[in-house]
Number of protein chains: 2
Amino acid sequence: MAISVETFFLSPGFQGTLQAQIQQLIAEGILSGRFRRGEKLPSSRKLATHLGVSRITVTLAYTELLANDYLTSRGRSGYYVSDNAPVPPSFTPPKHREDSIDWTRALGRRYTGGDTPEKPQDWATYRFPFVYGQTDPSLFDHTNWRLCALQALGQKDFTALTSDYYDQDDPRLVEFIARNTLPRRGIIARPEEILITLGAQNALWIAAQILLTQRRTAAIENPCYHALRDILNQSRCHVEPVNVDPDGLNPAEIPAETDVIFTTPSHQCPTTATMPLLRRNALLERAREIDALIVEDDYEFEMSFGDSPSPALKSLDTEGRVIYVGSFSKSLFPGLRLGYLVGSESFIREARALRASVLRHPPGHIQRTAAYFLSLGHYDALIRRLRKTLKHRRGVMQDAIKEHGLTIAGADAFGGSSFWMQSNRNLNSHELAHKLQNESVLIEPGQSFFATANPPQNFYRLGYSSIPAERIPEGIARIARIQNSL
Amino acid sequence: MAISVETFFLSPGFQGTLQAQIQQLIAEGILSGRFRRGEKLPSSRKLATHLGVSRITVTLAYTELLANDYLTSRGRSGYYVSDNAPVPPSFTPPKHREDSIDWTRALGRRYTGGDTPEKPQDWATYRFPFVYGQTDPSLFDHTNWRLCALQALGQKDFTALTSDYYDQDDPRLVEFIARNTLPRRGIIARPEEILITLGAQNALWIAAQILLTQRRTAAIENPCYHALRDILNQSRCHVEPVNVDPDGLNPAEIPAETDVIFTTPSHQCPTTATMPLLRRNALLERAREIDALIVEDDYEFEMSFGDSPSPALKSLDTEGRVIYVGSFSKSLFPGLRLGYLVGSESFIREARALRASVLRHPPGHIQRTAAYFLSLGHYDALIRRLRKTLKHRRGVMQDAIKEHGLTIAGADAFGGSSFWMQSNRNLNSHELAHKLQNESVLIEPGQSFFATANPPQNFYRLGYSSIPAERIPEGIARIARIQNSL
């Protein structure tokens, strides 16, 4: 690779000759790792013109660096970073200067230190990864996704996709969601009631920013999705955790002062409980009674393989009280970052304005690729394949869990991709997870799902969307062995 | 029951192959419940004749649907909707009803009604679109972008790109920015000092959320990028507009109580003024004196074609006082939504946590595609082509502006892609823009760039990144004609 002439700047305050400064620029580039062995320097003529110095000055600098073996000359073809040039110890530039800003004071608000736990990024290197929310590349329809992406990259689509959409979405994706995705959940919505988001988390964040303030109260399920608590902390609202039971959130327990209820009726996160229809109606009734809104996170609804999925809470809503959050990240792949919000036009209008201010719009190419993948039927084919595989794995999980005497906490779910587990009371699942890592087993300790100060220590989650069925029995066996040894 | 061939219609506006359209027609028919399990499809011959397409096209569509298990084949008797095909929802969605929520009360915060003006989305249909910030598809290296996207979609990259990155970025893109992009601006940064954002606007938003509160003061340039004011309003900080002069922001005018200074030294937005080196040093000195941080929006730096660009303000910063905002959206295409923040590690850590909470991370595939496009040198080639074209257009603009006696406001810029124009005092540029629309000319009225209560009415911006050079003279002639008639 050739080193661009544009990386060179003369500094007006430099003490010394121009030649020395040029030498130093190049040496520093090499020492800092910016210029690597074998890379070609700009010609002396080009660099001289760029810097506005005489060519002989550059040539002298190069000759000096040649003598020091920083550079080599390959006759007419020019100067290259020498194969003997010093190599920086790492990528880190050596001359890192002191930062003299008092960041404790300068930071107006802090966002670190949230409830969301760090997860091992190298989970794929573990033999028994009972992780949640990652994909199994072997299940994804990579070929057709690639074809759809190519189609979306075609000349015809290009203008549409490269434009600044301002605050708009790809109309094709919105139309597909309105005409095909939502009707399967019993939801009828017009395009003005739909907003594309950067994944479900982004949708939840937008809803919280619009509906909550520091004078308002949000009721959340306990335990619940940890990132939701980080999101609510940002809005500075008062948070009321409501304990879930085997039927999910209990409407009677929701405090009267609640303004917004966050719930996961299809598969409660993390207990996997599915809320029965009677309770859904009761939840809507309770919301009406206390005049609260409901944000329904309908994640994983496509993963129901027990019975056909029950309609969304939003489909029972006759007042515009429910705001619905959907996502393609779970069913396609999480790196996609594509979800949507469905709600009354007055709400979606504010959500659109907020999104425009924060990030304008989700990238056009991704929206269009998803629109093709959905409308060509690949998505549904994928979901059927996923369901079949997950159903099989779930059976293997259940058998292995039974065989090794582990305990599933709470009720069985209709499907999904995880089990919520419970060990005996005096076992700490952080410790269990830590010990299991040495056995190449990854599990997710349950503590961080609880919103309460002293969370129970003995719950954990076992995801099975990223572990092949044949490895499940041995993985469960290892969990049982370590659990019994503690 | 056999499905009648007459329910099939080709749509003239369909983007994609005939085969894809036929597949989509059938898939949608099944998904919407119009075609039921066991129903017989028309024969390929019959459907081909009906649609006026070749029989092989229909056969290929059927074969694909067979593979996805939407259809089954019963030998000679033809194709049927498969027994495994998805079933539409059995529950009837309720009809659209009145929304009974009092949204005036329910909305905790409003985000609509900001300063960012609405822009015509159909700008490409105008013959003389002097719009700003859109791409000219004829200049973009579409072929190589497509190849890079394909490479990023390859099996090798797939796992990396589809994973949930949690709060991380594509290391390849970060490394390229650190090693190649930033050094051209004179900036040395380690990966921990860089965060990928969803475009420059997202970067500005993140910086504002972290550095500002309702007890803090932000100084902005007046006039300035309107979306920045919407962003600052969200942080509820106090905003101090500081008038710019032909050298950009004047440090002496920045109030002592300022906590954060937002500036565009390379090309002041919208006046296009470039801040001289002496003033950059004075700005840093002023910031030090009042202990303020600086957010430098270095947009369009690649578009300098007059002289070689001066180094970024950030490159002169020895204290960690400057937070740098860069973007690929302008130089690649705005629909890409890819930018970055550079700052001290303490700042980037908070920015990463905030981004994780709001949207987790920018989509993996886009990051990797950009990394390939950059590292294969296509980006530099594109920039050179852009500069050449823009330089030519700028010359044509200048000549036409001179010929027709229009007035360029303030100083000439080093490059960029727009002119900041001034008409006589009693002309309202909103009215001018409105009249020009009827002449198929789009200009951008200048009022919304001003932060002050009674903005001057007679400024407007002429972008030339989306108008071919040969149309410029006639476009300028029309502006002059209408301007003189008012």
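From a predicted model like this one, the values you see are computed outputs, not experimental measurements.

Some thoughts on helix 10 (residues 277-290) of chain A
Residues and elements named next belong to chain A.
Thinking step 1. Look at helix 10: 20 Å from first C-alpha to last across 14 residues, which is about the 20 Å you get at 1.5 Å a residue.
Thinking step 2. Every buried residue of helix 10 is listed here: R279, R280, L283, L284, R286, A287 and I290. Buried residues along helix 10 cover an arc of 160 degrees about the axis, so they all sit on one side. Away from its buried face, by an angle of more than 90 degrees, helix 10 presents the exposed residues L278 and E289.
Thinking step 3. Close packing links the buried residues of helix 10 with strand 6 (238-245), strand 7 (248-249), strand 8 (260-263), strand 9 (293-297), helix 11 (313-316) and strand 10 (322-327).
Thinking step 4. Looking one or two places after helix 10, you find D291, whose phi comes out positive at around 50 degrees.

Some remarks on the sheet that holds strand 16 (residues 459-463) of chain A
All names here are of chain A.
Thinking step 1. Judged by pairing direction, the sheet is antiparallel, and its four strands sit side by side in the order 12-13-16-15 without closing on themselves. Across the chains shown, the open sheet's two edge strands, defined by having one partner strand only, are strand 12 (407-408) and strand 15 (444-445).
Thinking step 2. In this sheet, strand 16 lies alongside strand 15 in antiparallel orientation, the contact comprising two bridges. Counted as the bridge partner of E444 is R461 from strand 16.

So, the packing of helix 12 (residues 345-359) of chain A against helix 9 (residues 226-235) of chain B
Thinking step 1. As a packed pair, helix 12 of chain A and helix 9 of chain B sit with axes 9 Å apart at the nearest point and diverge in direction by 110 degrees. Judged by the angle between their axes, helix 12 of chain A and helix 9 of chain B are roughly perpendicular. Facing helix 12 of chain A, whose interface residues are L354, S357 and V358 of chain A, helix 9 of chain B presents D230, I231 and Q234 of chain B.
Thinking step 2. For the contact of helix 12 of chain A with helix 9 of chain B, the residue count by class is three nonpolar, two polar and one charged.

A look at the packing of aromatic side chains
Thinking step 1. Enumeration according to the criterion identifies 28 aromatic pairs over all chains in this entry.
Thinking step 2. A ring pair is formed by W205 of chain A and W205 of chain B, whose centres lie 5.4 Å apart and whose planes are at 85 degrees; its orientation type is edge-to-face. Here the residue W205 of chain A occupies a position in helix 8 (residues 200-211), and W205 of chain B occupies one in helix 8 (residues 200-211), the pair thus bridging two chains. You'll find W205 of chain A and W205 of chain B in the same group, each marked buried.
Thinking step 3. Where W420 of chain B meets F459 of chain B, the ring centres are 5.4 Å apart and the plane angle is 10 degrees; that geometry is what we call stacked. Here the residue W420 of chain B occupies a position in strand 13 (residues 418-422), and F459 of chain B occupies one in strand 16 (residues 459-463), the gap between them amounting to 39 residues. With respect to class, W420 of chain B is no different from F459 of chain B; both count as buried.
Thinking step 4. Members of the aromatic cluster, connected to one another through ring pairs, are Y324, F328, Y340 and Y379 of chain A.
Thinking step 5. When the ring centre of Y80 of chain A is taken as origin, the NZ or CZ atom of R74 of chain A, which lies over that ring, is 3.8 Å away.
Thinking step 6. In this structure, R384 of chain A is placed above the aromatic ring of Y70 of chain B, and the distance from its NZ or CZ to the ring centre is 4.8 Å.

Points about the state of the cysteines
Residue and element names in this part refer to chain B.
Thinking step 1. Using the criterion set out here, one finds zero disulfides over all chains in the structure.
Thinking step 2. Not engaged in a disulfide, the cysteine C224 finds its nearest cysteine sulfur in C269; these two sulfurs lie 7.3 Å apart.
Thinking step 3. Residue class for C224 comes out buried when judged on its relative accessible area of 3%.

A closer look at the side chain of Q447 of chain A
All names here are of chain A.
Thinking step 1. Considering the arrangement of structural elements, one finds Q447 in the loop between strand 15 and strand 16.
Thinking step 2. A polar atom in the side chain of Q447 sits 2.9 Å from the side chain of Q457.
Thinking step 3. Residues within four places of Q447 in sequence aside, it is in contact with N428, S429, H430, P455, P456, Q457 and F459.

So, unusual backbone geometry
Thinking step 1. Put simply, C269 of chain A and P270 of chain A share a cis peptide bond, and its omega is 10 degrees.
Thinking step 2. Looking at the secondary structure, you find P270 of chain A in the loop between strand 8 and helix 10.
Thinking step 3. Residues N222 of chain B and P223 of chain B are joined by a peptide bond in cis, for which omega reads 0 degrees.
Thinking step 4. Within the secondary structure, P223 of chain B is located in the loop between strand 5 (217-222) and helix 9.
Thinking step 5. Look at S440 of chain A: it is not a glycine, yet its phi comes out positive at around 65 degrees.
Thinking step 6. Looking at where S440 of chain A falls in the secondary structure, it is placed in the loop between helix 15 (429-437) and strand 14 (441-442).
Thinking step 7. Positive phi is not limited to glycine here, since R236 of chain B has a value of about 60 degrees.
Thinking step 8. Turning to its location among the elements, R236 of chain B is positioned in the loop between helix 9 and strand 6 (238-245).

Examining the interface of chain B and chain A
Thinking step 1. Chain B puts 124 residues into the contact, and the matching count from chain A is 126 residues.
Thinking step 2. The junction of chain B with chain A conceals about 11100 Å² of combined surface from both sides, 55% of it contributed by carbon and sulfur atoms.
Thinking step 3. Our count for the contact surface shared by chain B and chain A stands at six salt bridges.
Thinking step 4. Top element by residues in the side of chain B that touches chain A is helix 12 (residues 345-359) of chain B. It accounts for ten residues.
Thinking step 5. Counted by class, the side of chain B that touches chain A contains 55 nonpolar, 39 polar and 30 charged residues.

Comments concerning the side chain of R229 of chain B
Residue and element names in this part refer to chain B.
Thinking step 1. Summarising the element assignment, R229 is placed in helix 9.
Thinking step 2. Engagement of the side chain of R229 in a polar contact is seen with the backbone oxygen of F450, the distance being 3.3 Å.
Thinking step 3. Setting aside residues up to four positions removed in sequence, R229 forms contacts with D115, I220, C224, S448, F449, F450 and A451.

Some remarks on the packing of helix 7 (residues 171-181) of chain B against helix 13 (residues 364-375) of chain B
All names here are of chain B.
Thinking step 1. At a minimum axis distance of 8 Å, the contact between helix 7 and helix 13 shows a crossing angle of 40 degrees. Classed by the angle they form, the pair helix 7 and helix 13 counts as oblique. Between helix 7 and helix 13 lies a crossing whose hand is left-handed. Every residue of helix 13 that contacts helix 7 at R172, L173 and F176 is listed here: Q367, R368, A370, A371, Y372, L374 and S375.
Thinking step 2. A class-by-class count of the residues in the contact of helix 7 with helix 13 yields six nonpolar, two polar and two charged.

What counts and what doesn't
- Residues numbered from 1 in each chain as written.
- Chains lettered and ligands numbered in written order.
- Predicted model: local features only at pLDDT ≥ 70, side-chain atom pairs only at ≥ 80, totals over all residues.
- Heavy atoms only, no water.
- Helix = DSSP H or I, 4+ residues; strand = E, 2+ residues; numbered from the N terminus.
- Expected span 1.5 Å × (residues − 1).
- Buried < 20%, exposed > 50% of the residue type's maximum accessible area, 1.4 Å probe, protein only.
- Arc of directions from axis to C-beta.
- Contact = heavy atoms within 4.5 Å.
- Pairing = 2+ DSSP bridges.
- Axes fitted to C-alpha atoms, helices over the stretch in contact; angles between N-to-C directions.
- Parallel < 35°, antiparallel > 145°, perpendicular 65-115°, else oblique.
- Nonpolar A, V, L, I, M, F, W, Y, C, P; charged D, E, K, R; others polar.
- Phe/Tyr/Trp six-rings, centres within 6.5 Å; stacked < 30°, edge-to-face > 60°.
- Lys NZ or Arg CZ within 6 Å of the ring centre and 35° of its normal.
- Disulfide = S-S within 2.5 Å.
- Polar contact = N/O pair within 3.5 Å; in protein donor to acceptor, adjacent residues only side chain to side chain.
- Buried area = accessible area lost by both parts, 1.4 Å probe.
- Salt bridge = Lys/Arg side-chain N within 4 Å of Asp/Glu carboxyl O.
- Left-handed = near helix turned anticlockwise from the far one by under 90°.

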